[in-house]
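# Survey of secondary and tertiary structure
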Amino acid sequence: MGGTDIGGSGLSVLSATSIAAELALVTDHWTPRVVGQVNDQYIKVAKLLGELVWHAHEHEDEMFLVVSGDLLIQLEGDREVRLGPGEFFVVPRGVRHNPVAESEVEIVLIETVTTAHTGDVTVERTVPLDRQIGSFAPEG
Ligand code: NI
């Protein structure tokens, strides 16, 4: 883990990760970027605009945390949840869902490392995991 030795004191100051700075690097909508890992979960940032596609993740729960904007998540069974800044929702595994952003939404996602972007379906905007990971490498 990168750190700065302060005046030879042996004290290392580690760098925090800025969600805002990571989001600023995102140029395309619906293109999650992996920015961290906690055990077997990736932390991702993404910008959303429009709607993704109805899909489900058979084996993985998926957490959406809204940073800015208002996100609608449509859920199977004529259910939906609306999230504002600072709010999160966990879509349980196996539940079909479709995120909809009427205007731009910035989010943090927490997902098991095996989670496919659009679950059991593949569409033009599906982003494979290796592209989500990009230059991210776990430190330590
Ligand atoms: Ni999903």
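The written sequence of each chain sets the order in which its residues are numbered from 1. This being a predicted model, a pLDDT of at least 70 is required before a residue's local features are given, and a value of 80 or more before pairs of side-chain atoms are given or counted; all residues contribute to the totals for chains, interfaces and linings.

### Side note on the overall build of the protein
Each helix is a run of H or I in the DSSP string that is no shorter than four residues. Each strand is a run of E no shorter than two, and both are numbered from the N terminus. From N to C terminus, the protein includes two helices and nine strands. Listed N to C, the secondary structure of the protein is β-β-α-β-β-β-β-β-β-β-α in terms of helices and strands. Considering only C-alpha atoms, the protein reaches an extent of 60 × 25 × 25 Å along its principal axes. Buried residues are those with 20 or more other C-beta atoms within 10 Å of their own C-beta, exposed residues have 12 or fewer, and partly exposed residues lie in between; C-beta atoms are placed from the backbone. Counting only residues that meet the buried cut, the protein has 24% of its 140 residues in that class. Within the protein, contacts between residues at least 6 apart in sequence are counted, and of these 63% link residues at least 24 apart. Throughout, a residue-residue contact means that the two C-beta atoms, derived from backbone geometry, are no farther apart than 7 Å.

### Here's the deal with unusual backbone geometry
For asparagine 39, which is not a glycine, the phi torsion comes out positive at approximately 50°. The topology assignment puts asparagine 39 in the loop between β3 (33-38) and β4 (41-51). Here the phi dihedral of aspartate 78 falls at roughly 55°; this positive angle occurs in a residue that is not glycine. Structurally, the position occupied by aspartate 78 is in the loop between β6 (71-75) and β7 (79-83). Among the residues examined, aspartate 78 registers 6 C-beta atoms within 10 Å and is labelled exposed.

### Considerations on the pairing of β3
By the convention used here, strands pair only if DSSP detects at least 2 bridges between them. By the bridge criterion, five bridges tie β3 to β4 in an arrangement that is antiparallel. Bridge pairing in β4 places valine 38 opposite glutamine 41. Where β3 hands over to β4, the hairpin turn is made up of two residues, of which asparagine 39 adopts a positive phi near 50°.

### Some thoughts on the pairing of strand β5 (residues 62-68)
Remember that side chains alternate between the two faces of the sheet whenever the strand is regular. As paired strands, β5 and strand β8 (residues 88-91) are joined by four bridges and run antiparallel to one another. Residue pairing for β8: methionine 63 is matched across the bridge by valine 90.

### Some remarks on the environment of proline 32
Residue placement: proline 32 occurs in the loop between α1 (19-24) and β3. Those residues in contact with proline 32 that sit more than four places away from it in its chain are Lys44, Ala46, Leu109, His117, Val127 and Gln132.

### Re the environment of threonine 122
Position of threonine 122 relative to the elements: it lies in the loop between β9 (97-112) and α2 (129-133). Judged by the 13 C-beta atoms lying within 10 Å of it, threonine 122 is partly exposed. Each C-alpha atom of the pair threonine 122 and histidine 55 lies 9.1 Å from the other, and the pair is 67 residues apart in sequence.

### Here we look at the environment of arginine 93
Within the secondary structure, arginine 93 is located in the loop between β8 and β9. A C-alpha to C-alpha distance of 20 Å links arginine 93 and valine 123, two positions 30 residues apart in sequence. If sequence neighbours within four positions are ignored, arginine 93 has contacts with His57, Glu58, His59, Glu60 and Asp61.

### So, the nonpolar core
In summary, soluble globular proteins display a tendency toward joint burial of nonpolar side chains. For our purposes the nonpolar core covers buried Ala, Val, Leu, Ile, Met, Phe, Trp, Tyr and Cys residues that link as a set through C-beta atoms within 7 Å. Counting 20 residues, the largest nonpolar core has Leu48, Phe64, Leu71 and Ile107 as the members making the most contacts within it. Taken together, the elements giving at least two residues each to this core come down to β3, β4, β5, β6 and β9. For isoleucine 107, the residues in contact, after removing those within four places along its chain, are Ala46, Leu48, Phe64, Leu65, Val66, Val67 and Leu71.

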